[in-house]
Protein chains: 2
Amino acid sequence: MAKENPIGVFDSGIGGLSVLKQFIRFLPYEKYIYLGDTARVPYGNKSEETVKEYSRECADFLLSRDVKLVVVACNTASSVALETVKEMSDVPVIGMIVPAAAAAIRGTLNGNIGVIGTRATINSNAYEKAILNLADSAQIKVYSQSCPLFVPIVEEGWIRHPATRLIAEEYLATLREKLVDTIVLGCTHYPLLSQLLTEMMPGISLIDSGEHAAVNAIRLLGERGELGEEREEYIMTPDVEFFVTDVPSTFFEVAQRFLGFTVDKPHKISLGKKS
Amino acid sequence: MAKENPIGVFDSGIGGLSVLKQFIRFLPYEKYIYLGDTARVPYGNKSEETVKEYSRECADFLLSRDVKLVVVACNTASSVALETVKEMSDVPVIGMIVPAAAAAIRGTLNGNIGVIGTRATINSNAYEKAILNLADSAQIKVYSQSCPLFVPIVEEGWIRHPATRLIAEEYLATLREKLVDTIVLGCTHYPLLSQLLTEMMPGISLIDSGEHAAVNAIRLLGERGELGEEREEYIMTPDVEFFVTDVPSTFFEVAQRFLGFTVDKPHKISLGKKS
């Protein structure tokens, strides 16, 4: 695969834009294709079977556009459908789980790691398995908590609302009790709640899965000799082509909140077929 | 169409079960087919175009099973896609909007009507248009408020959580200021919040769109001579066949909360096609 081929990033919707943001930060000299399956969002409350089917369709679209790397920028899809995507792909595939699991192990001092995510991500136990696979289970304990209301709250923009703190208090109660010193933000929406979570648990180390996936991609593309050539113009204006399956009324506002810059003219496509 | 044909009810997911519950209460001697598009839920944050496409597919499925009446048991779909469904249907179609709009006009004493719903329902202005179409606009004022967090909160079962009250306080602030005495629950999830809303606004008259749609159906089927024959055995055990496009992990628990009885063995089907 050539250096100039794009990196393909897909998510159930706009959450993956927080991952894309980290990729642009760490790998600025790349072309990107972003696909958000906004017509079927969210994946986090759907069954494993359905998430696999949707992920296959998203990956299929990116592969048809000759990407050199597929980034599964959705924790739910990474948790239940990473193998599915890897099996169909002739280029490397990076998910959210393993890089963040490794970062959490490096980050913890007392060995108590918390993981928060959607119900599908938490039910899959993907983070716990990945952490215990990489670390000595005698020294590491993992405590998982699903936080289904965080996604709608972030999309609503109620980042500093008193209700958000009340909800977070409830979700974090067990993790506090267990004295976790590190929490994996196992959903691409959660980095937008970082400041609140840090205020509520001072000293906590938060692991942003997008950031660690991006760092992972530098190493992986570097080793394959496939990193994009340095091009100064990309530093000011990232080269991203956006595809979505639906453009709801709040799309542009929410996308800007996640990405930090405006999503310009997303292309609308259809995924899925009668089966 | 024969009396013994079923009534078809569809919704984006499980919310329409609160409508089905009202239909079973008012029309117990009917067979029902319920379709929840759980693989693509929710509709409330998607575009008009997408909601029309999905509604067409749901109605198509029900019509293929010879229903004598199509109930669009989703306020979002009723707001933006009712005409679409009517155009393709050779049997009557009942939506959520007009029956509830009429009930709100009958219910208000001071002429100030509030409407709450998803963002898509509120943006469509469907309730406001229906109310002002039926009533003298010099005597009736309509105040609309989207409440996007109510659906995830109800699905989470946080009906009595302090955070829910805080969120509701914010959503209801303008309606309070405008001294509304009647609020249309313009989303099938909201009847589960009735008690909280009544506590917060004592004396408020809440309009349950499912209830009024069911009453409307009695009249409509009665006039056509298509009401089901009285059958005592249906009083104890309603005759409902359930179809869904996905069975997520929380399906049965949430369905029971909406319906009041257990959903037994839903059939999984696929909707949608490549376009």
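Residues numbered from 1 in each chain as written. Chains lettered and ligands numbered in written order. Predicted model: local features only at pLDDT ≥ 70, side-chain atom pairs only at ≥ 80, totals over all residues. Heavy atoms only, no water.

(A) Main features of the sheet that holds strand β5 (residues 112–117) of chain B. Residues and elements named next belong to chain B. Ordered in space as β6-β5-β7-β8, the four strands form an open sheet in which the pairing is parallel. With one partner strand each, in any of the chains shown, β6 (141–146) and β8 (205–208) form the two edges of the open sheet. Averaged over all adjacent pairs, the angle separating strand axes in this sheet is 25°, with direction ignored. Pairing analysis gives four bridges linking strand β7 (residues 182–186) to β8, with the strands arranged parallel. The residue bridging Ile-183 from the neighbouring strand is Leu-206, located in β8. Against the sheet, helix α10 (residues 209–223) makes contact with β7 and β8, and its axis sits at roughly 55° relative to β8, the strand it touches most. (Pairing = 2+ DSSP bridges. Helix = DSSP H or I, 4+ residues; strand = E, 2+ residues; numbered from the N terminus. Axes fitted to C-alpha atoms, helices over the stretch in contact; angles between N-to-C directions. Contact = heavy atoms within 4.5 Å.)

(B) Layout of the relation of the copies chain A and chain B. Structural alignment of chain A on chain B gives an RMSD of 0.0 Å, achieved by rotating through 180° and translating 0.0 Å along the axis. Such a combination of rotation and displacement between the chain copies is what one expects of a two-fold axis. By residue overlap, the copies meet face to face through one surface: 100% of the interface positions of chain A are interface positions in chain B. (Least-squares fit on C-alpha atoms with pLDDT ≥ 70 in both.)

(C) Molecular detail of the nonpolar core. Formed by 145 residues in total, the largest nonpolar core has its most connected members in Leu-17, Leu-20 and Phe-23 of chain A together with Leu-17, Leu-20 and Phe-23 of chain B. The contact partners of Phe-23 of chain B, leaving out residues within four places of it in the chain, are Pro-28, Tyr-32, Leu-69, Val-71, Gly-210, Ala-213, Ala-214 and Ala-217 of chain B. (Core = buried A, V, L, I, M, F, W, Y, C linked by side-chain atoms within 4.5 Å. Buried < 20%, exposed > 50% of the residue type's maximum accessible area, 1.4 Å probe, protein only.)

(D) Looking closely at the side chain of His-189 of chain B. Note that His-189 of chain B resides in the loop between β7 and α9 (194–200). If we skip the residues at most four places from it in the chain, His-189 of chain B touches Gly-15, Val-151, Val-154, Glu-155 and Phe-258 of chain B.

(E) Structural detail: the packing of aromatic side chains. Following the criterion strictly, the structure yields 14 aromatic pairs over all chains and no others. On the numbers, 4.9 Å between centres and 65° between planes, the contact of Phe-61 of chain B with Phe-243 of chain B is edge-to-face. Here Phe-61 of chain B, found in helix α2 (residues 48–63), pairs with Phe-243 of chain B, found in strand β9 (residues 239–244); they are 182 residues apart in sequence, far enough to count as distant. Residue Phe-61 of chain B is classed as buried on the basis of its relative accessible area of 13%. Their ring planes at 90° and their centres at 5.3 Å tell us that Phe-150 of chain B and Tyr-190 of chain B sit as a pair that is edge-to-face. Placement of the pair is Phe-150 of chain B in helix α7 (residues 150–156) and Tyr-190 of chain B in the loop between β7 and α9, with a sequence separation of 40 residues. On the basis of relative accessible area, Tyr-190 of chain B is assigned to the buried category, the value being 1%. Site record: aromatic cluster; members linked through ring pairs are Phe-150, Tyr-171 and Tyr-190 of chain A together with Trp-158 of chain B. (Phe/Tyr/Trp six-rings, centres within 6.5 Å; stacked < 30°, edge-to-face > 60°.)

(F) Spotlight on the interface of chain A and chain B. Opposite the 38 residues of chain A that make contact, chain B presents 38 residues. Residue Arg-119 of chain B pairs with Glu-156 of chain A through a salt bridge whose shortest N-O separation is 2.8 Å. Those elements giving two or more residues to the side of chain A that touches chain B turn out to be α2 (48–63), α5 (119–124), α7 (150–156) and α8 (162–177) of chain A. Considering every element that reaches the side of chain A that touches chain B, the biggest residue donor is α8 of chain A, with six residues. Grouping the constituent residues of the side of chain A that touches chain B by class yields 16 nonpolar, twelve polar and ten charged. (Salt bridge = Lys/Arg side-chain N within 4 Å of Asp/Glu carboxyl O. Nonpolar A, V, L, I, M, F, W, Y, C, P; charged D, E, K, R; others polar.)

(G) Here's a closer look at the environment of Val-247 of chain A. With respect to the secondary-structure elements, Val-247 of chain A resides in the loop between β9 (239–244) and α12 (251–259). Beyond its immediate stretch of four places on either side in the chain, Val-247 of chain A contacts Phe-252 and Pro-266 of chain A together with Ser-47 of chain B.

(H) Region of interest: α10 of chain B. Residue and element names in this part refer to chain B. Between its terminal C-alpha atoms α10 stretches 21 Å, which fits the 21 Å expected from 15 residues at 1.5 Å a residue. Within the sequence span of α10, burial applies to Ser-209, Gly-210, His-212, Ala-213, Ala-214, Ala-217 and Leu-221. Put simply, Asp-208 is the residue that caps the front of α10, since its side-chain oxygen is 2.9 Å from the backbone nitrogen of Gly-210. Directly after α10, the chain includes Gly-225, whose backbone phi takes a positive value near 65°. (Expected span 1.5 Å × (residues − 1). Polar contact = N/O pair within 3.5 Å; in protein donor to acceptor, adjacent residues only side chain to side chain.)

(I) Examining unusual backbone geometry more closely. For the bond from Val-41 of chain A to Pro-42 of chain A, the omega torsion is -5°, close enough to zero to count as cis. Relative to the helices and strands, Pro-42 of chain A is located in the loop between β2 (31–36) and α2. With a phi angle near 55°, Asp-66 of chain B is a residue other than glycine that sits in the positive phi range.

In short, the description is geometric, and any link to function would need to be established separately.
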